[in-house]
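Observations on the three-dimensional arrangement
Letter by letter, the chains look like this.
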Amino acid sequence: MKTASFGERPVTPLEMSMTIASMLIGVGVLTLPRTLASATKSFDGWMSIAGAGLIAMLLGALVSRTAVKAGNQPFLEYASSLISRPLACLLAFFQMLYFLGFSAYETRAIANISKQYLFDRTPVEYIALAFFLVIVYGVSGSRSGLLRLNVMFLPAVLSIVVVVVVFGYRWFEFGNLEPFFVTGIPGLLKGMKEVVFSLLGFEIILYYIVFMARPEKAPKAVVGGILVAVVIDLIIYQLAIGIFSNVGAMNIIYPTVELAKEIQFPGNFFERFESLFFVIWIMTIYNTAVMGFDLAGECMAFLFKRMTKRVRHLILAPAAMIICMTPNNLPQFDLLGTMISYLAVGAGVLIPCGLLLLSGRKKGTAAHADTK
Amino acid sequence: MRIRSRRRIAFLFVASSIALSGCWDRVEIDQRGFIVGVGVDAVIQEVDESSAEEESGSTPSGEQTNSASNKKQNKKAKYKVTYQVVTPSGMKAENANAQPTAAYFHLTVEGTTFSTMEANLAQRMSRAPFFEHLKVLIFSEAVARRPGDFAEAIDYFLRDSQMRRSTKVMVTPNKASEILSTQPPGERLPSAYLELVSSNGANSSRILPHTRIGEVQESLLKNKSFGIQTVSNGSRTYSTLNGTAVFSGRSNRLIGFLDGRETAGLNFLRDSIKGGHIEFPYGDEGRGVFIVQRMTRRMRVSFGKDGLPAFDYHIEVQGSLNEAYQIPDTLSEKTLYRMDEYVGQSIKQLIESAIVKLQKQYRCDVIELADYMSRKHHRWWSKHRGQWERGDDLFSQVPIHVQVKAHIHRTGNINISEE
C-alpha cells in the first residue's frame, strides 16, 4: 500500500536528504548564535554544535531504522500493530500536537522577524495569516509535491549562505574566536541542548519514508540531511562570533539576520542585501512549516479515518493560528518553543526509538502477527 | 458547472484585488526622508533661545536650521541633535542652466530620547525620516564626556531595526552640527564626505581605523576601553580626521583625546597601520620623510617575578624615502643604514608617547592588551580581570618594551637635490 501513487517518480535518497535538511534549517539558525553564545564562552559553542550534531545523527539513524522496520505500511499503522490501537492513537495525538505546534511556531517566528525587519506597520497577525494561508494552500495539493519543493528551494538557501559567508569575511576578526576551550562542561551541555532542539524535525522520515523507492537507504539519507544542517549551523555560528564577538552575539536578537545586514557589496550599487536573504530564508521556513502542517494532518487522518482532507485542514488551520498567536512577547514565545521541543523529543524521538526496541524484542511474535 | 466556475473566478478576482493591493508598509521612495548623518550635541543649559536663533541665522543658503521652540522641552532636553536629510532634487545630475540646489538640509531637534526626537522630526518634515542609509554618527565631546550619556545615546542607533551595525561613529571636540555642515567643493553630501575621509587610513598613519557602531557596543558590553576616530573642524570646506577619542572602560565615557602623533603610535601598536608618512631627523640639520608601506608586528608576553606580565613589541616597518633635506648621498649603504636607525627612533618616539599618555594619564587600555591577555593567557586573565583597569590598576604598571626596525627599500628618483 504505497501512498506515493500519484503517477510520480518516487523520492531518491538524495532528495530525502534535501528534505530532511530543509526541515532542519528553519528559524533555529537565525537565533542559534545568540543562544549558543549565552550558554558558552568565546568560540567554544562549536563543540556543542558538533556534539549535538552527533547526537542528532544517532537519533536520526535510530528513528529512521524504526521507519524502515515499518516497511510499506504507514508508521502509525505499524505502531498500532506493536502497541495496540488505543496507545497508537495516543501517540498519534501527541505527534499531531507536536507537528501542529511546530508549524505554528515557525509561522510565528517568521512573522515576528518579518515584522521587525520588513513590515514595520503591518500587524503581526496579518503577516502570520498570509504566511499560513500559503501553507494551507501548499498542503491541499499533492504530498510528494511538497518534497519536490524542498529539492527546489534548498540550493537557493545553500547559495545564500555561501554569499553571506564570502562577503561577511570582510568584518571577520579571528581574535574574536580566541581563547579556545574555556567553557566548562555544564555550559557545553547547555549549548548542546539548544542545538539539539534546533535540529529536531528529522522525525518526518517516519511518515515520508513511504515515498522512497528504496526505504532501506533512509538512515543514510537522514544522517546526510542532518549533516548539512549541522554544517550550516557551524558556518553561521563561527561567522557570527568572528564578526560580533561572543558578547556581541549574545546581545543581538537575530544575529544571523544582522550578519546579512552587515554585508555590503563592493561598488555600492546593491544595498540592503538582507531583503534578499529574507526572501530566501522565508522559502526554507515555508518548507519546514508546510511539512509540519502536512504531517499534523496525517496524524489526524489516523485518528479520524473517515474525515476528508478538507475538513481536517479546516479544523487544524484555525487551531494552528490560535497556537501561533498565543505568545505575547519574546519570553513567552521562547517558552512555546521549548515546550514544542520537549514534545518533539518525547513523541517524535523517544517513542519511535522505544518502538524499535519493542519490535526487536517482539521479533518472534511479530512474525506471527505478520502472517495474521 | 460552468456558471459555478465563473463565479469562483469572479470571487478570486475580488479577493485578490483586496489582498494584493493592500500593503501596510508601502512608502514610496520619494516619500522617504533619507537621513544620512546625525550629529549629537549636548544642550548647555545656559544657552537661551535667542542665541540659538542667532546661530541658525548665520548658516548659508540651502540649509535651514530649526531649533526646537518648545520651551517645555528645552527645560529637560539633554541632546541637541542635527539630522542631515537628503533632498532628492539636489542629488539629481546638475542641469547646466539650473541653479544648483543643495543636496541636503539640516534639522535640529532637542530632546532627551532619540525616539521622541525622531517623532519631532516627523512633525517638521514632509517626508518620513528613514535611517536605513545612515552613514555617520557624530558625537560632540560634551555628550561623550557626560557619564552614562554616550551609551544611552547609542542604544537607539543599535536597537531600531532600520539601523545598521556598520554605521561609522566619530567624536568631535567641536560642535557636531558644525562638522556635519562642512561641505568641500565637489562633494554633495557632508556625511558621504566624512565617511570617505574616515577610511583614508592608507594615506595617513594618524587616522584611527574607522569605528563601527557595532564594535562600540561590543566594547561597552565588555567594559573595555576603546578609541573612536576624532574629527575636528578645520573650516567650512573641510574637516580633519586626526586623533583618537579615548573611552574608559571604567565609566564607559570619553576621558580624553590622543593627538595625531599619539594616534600614529597607537596604530603601530595595534598593527593597524596601512600607510602614512613618518618625518625623521637626520643628524643635526637633515630631515627626511619615510613612507610606510608594510609593517609586521610581533608581540610577546613574559611574566616577571611579581607575576606581572611584561609586553615586548617587535615592529618591523618597510617603506621608502619620499623626501630628504640635507641628507648626504642617499645611495650609499652607510647613509641608508643611518636613515633606518633614525626612522626607527622616530617611530619609537611616536609609540612611546602614546603608551605614556595611555598608561599614566588616562590609564585606559586602548592598546588592547586586555584582549590579548584574555585570548592567550586566559587563566591569568580570569584571575586579574578586575584588577586590570580598576582596583590595582595593573595596566598602568605593566612594562611595555618596544623595538622598531625600519628598512628603507627605495629612495626615489634622485640621489640628492642640492650640494
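Residues numbered from 1 in each chain as written. Chains lettered and ligands numbered in written order. Predicted model: local features only at pLDDT ≥ 70, side-chain atom pairs only at ≥ 80, totals over all residues. Heavy atoms only, no water.

1. Topic: the side chain of Asn246 of chain A
Secondary-structure assignment places Asn246 of chain A in helix H10 (residues 218-250). Leave out the neighbours within four places in its chain, and Asn246 of chain A touches Ala37, Thr40, Lys41, Ser42 and Ile241 of chain A. (Helix = DSSP H or I, 4+ residues; strand = E, 2+ residues; numbered from the N terminus. Contact = heavy atoms within 4.5 Å.)

2. Focus: the pattern of salt bridges
Residue and element names in this part refer to chain A. Considering all chains together, one arrives at 22 salt bridges over all chains under this definition. The partner of Arg148 in a salt bridge is Glu15, and the shortest N-O contact between them spans 3.5 Å. Separated by 133 residues along the polypeptide, Arg148 in helix H7 (residues 143-168) and Glu15 in helix H1 (residues 13-24) bring together distant segments of the chain. Taking relative accessible area as the criterion, Arg148 reaches 24% and is therefore assigned partly exposed. (Salt bridge = Lys/Arg side-chain N within 4 Å of Asp/Glu carboxyl O. Buried < 20%, exposed > 50% of the residue type's maximum accessible area, 1.4 Å probe, protein only.)

3. Observations regarding the interface of chain A and chain B
At the interface, 30 residues of chain A touch 23 residues of chain B. With both chains or domains summed, chain A and chain B bury close to 2,400 Å², and 46% of this area falls on carbon and sulfur atoms. Broken down residue by residue, the surface that chain A buries against chain B is led by Arg121, Lys261 and Arg272 of chain A, which jointly contribute 21%. Our count for the contact surface shared by chain A and chain B stands at three salt bridges. In this assembly, chain A and chain B are joined by nine residue pairs in polar contact (both at pLDDT 80 or more). At the level of secondary structure, the elements contributing two or more residues to the side of chain A that touches chain B comprise helix H5 (85-117), H10 and helix H11 (255-262) of chain A. Top element by residues in the side of chain A that touches chain B is H10 of chain A. It accounts for five residues. Considered class by class, the residues forming the side of chain A that touches chain B number twelve nonpolar, eight polar and ten charged. (Buried area = accessible area lost by both parts, 1.4 Å probe. Polar contact = N/O pair within 3.5 Å; in protein donor to acceptor, adjacent residues only side chain to side chain. Nonpolar A, V, L, I, M, F, W, Y, C, P; charged D, E, K, R; others polar.)

4. Quick look at the pairing of strand S12 (residues 286-303) of chain B
Residues and elements named next belong to chain B. Two strands pair when backbone bridges link them, and strand S11 (residues 277-282) and S12 are joined in this way by six bridges, in the antiparallel orientation. The partner of Tyr282 across the bridge, within S12, is Gly286. What sits between the antiparallel neighbours S11 and S12 is a turn of three residues, in which Gly283 has the positive phi angle 65°. Both S12 and strand S13 (residues 309-325) contribute to a ladder of 16 bridges, which runs antiparallel. Looking at the pairing, Arg297 lines up with Ile315 of S13. Where S12 folds back on S13, the antiparallel hairpin that results is connected by five residues, among which Gly307 adopts a positive phi of roughly 80°. (Pairing = 2+ DSSP bridges.)

5. Here's the deal with helix H3 (residues 45-70) of chain A
Relative to the 38 Å expected for 26 residues at 1.5 Å per residue, H3 of chain A spans 37 Å between its end C-alpha atoms, a close match to the ideal helical length. Gly71 of chain A lies just past H3 of chain A and shows a positive phi near 65°. (Expected span 1.5 Å × (residues − 1).)

6. Description of the nonpolar core
Within the largest apolar cluster, 130 residues are counted, with the highest numbers of intra-cluster contacts made by Ile20, Phe202, Ile205, Tyr208, Ile226, Trp281 and Phe293 of chain A. Contacts of Phe293 of chain A, omitting those with residues within four sequence positions, involve Leu100, Ser103, Phe132, Ile135, Val136, Val139, His313, Leu316, Ala317 and Ala320 of chain A. Core analysis: the second largest hydrophobic core is formed by 50 residues, Leu266, Ile278, Ile367 and Val402 of chain B among them. (Core = buried A, V, L, I, M, F, W, Y, C linked by side-chain atoms within 4.5 Å.)

7. Some words on a nonpolar patch on the surface
A cluster of nonpolar side chains, namely Leu87, Leu90, Phe93, Phe94 and Leu97 of chain A, defines an oily patch on the protein surface of about 420 Å² accessible area. With respect to the secondary-structure elements, Phe94 of chain A resides in helix H5. (Patch = residues over 30% accessible without salt bridge, like charges linked within 9 Å, V, L, I, M, F, W, Y side chains within 5 Å. Areas by Shrake-Rupley, 256 points an atom, 1.4 Å probe, with all protein chains shown as cover.)

8. Things to note about helix H6 (residues 124-139) of chain A
Residues and elements named next belong to chain A. Over its 16 residues, H6 runs 23 Å from end to end, which matches the ideal 22 Å to within 8%, given 1.5 Å per residue. If you check which residues of H6 are buried, you get Val124, Ile127, Ala128, Phe131, Phe132, Ile135, Gly138 and Val139. In a view along the axis of H6, the buried residues occupy a sector of 120°, so they form one face of it. Away from its buried face by more than 90 degrees, H6 exposes Leu133 and Tyr137. Buried residues belonging to H6 abut H5, H7, helix H12 (273-303) and helix H13 (309-325). (Arc of directions from axis to C-beta.)

9. Side note on the packing of H6 of chain A against H13 of chain A
All names here are of chain A. Packing of H6 against H13 leaves a shortest axis separation of 11 Å and a crossing angle of 155°. Taken as axis vectors, H6 and H13 run roughly antiparallel relative to one another. Crossing angle aside, the handedness with which H6 passes H13 is right-handed. Side by side, H6 and H13 meet where Val124, Glu125, Ala128, Leu129, Phe132, Val136 and Val139 of the first sit next to Lys309, His313, Ala317, Ala320, Met321, Cys324 and Met325 of the second. Residues of the contact of H6 with H13, tallied by class, amount to eleven nonpolar, one polar and two charged. (Axes fitted to C-alpha atoms, helices over the stretch in contact; angles between N-to-C directions. Parallel < 35°, antiparallel > 145°, perpendicular 65-115°, else oblique. Left-handed = near helix turned anticlockwise from the far one by under 90°.)

10. With respect to the sheet that holds strand S14 (residues 400-410) of chain B
Residues and elements named next belong to chain B. Here we have four strands laid out as an open sheet, ordered S11-S12-S13-S14, and mixed in their pairing. The two strands at the open ends of the sheet, each matched to only one other strand, are S11 and S14. Across the sheet, the mean angle separating the axes of adjacent strands is 40° when strand polarity is ignored.

11. A word on the side chain of Thr19 of chain A
Residues and elements named next belong to chain A. Checked against the element boundaries, Thr19 lands in helix H1. At 2.9 Å, the side chain of Thr19 forms a polar contact with the backbone oxygen of Glu15. Beyond its immediate sequence surroundings of up to four residues, Thr19 is in contact with Leu147, Asn150, Ile204 and Met291.

12. Focus: the domain arrangement of chain B
Residue and element names in this part refer to chain B. Considered domain by domain, chain B is made up of domain 1 (29-258) and domain 2 (266-410). Of the residues lining the interface, 24 residues belong to domain 1; the matching set on domain 2 comes to 22 residues. Summed over both sides, the interface between domain 1 and domain 2 buries roughly 1,700 Å², with carbon and sulfur atoms accounting for 53% of that surface. Considering only the side of domain 1, the residues that lose the most area to domain 2 are Ser205, Arg250 and Leu258, jointly responsible for 36% of the buried surface there. (Domains from an automatic or database assignment.)

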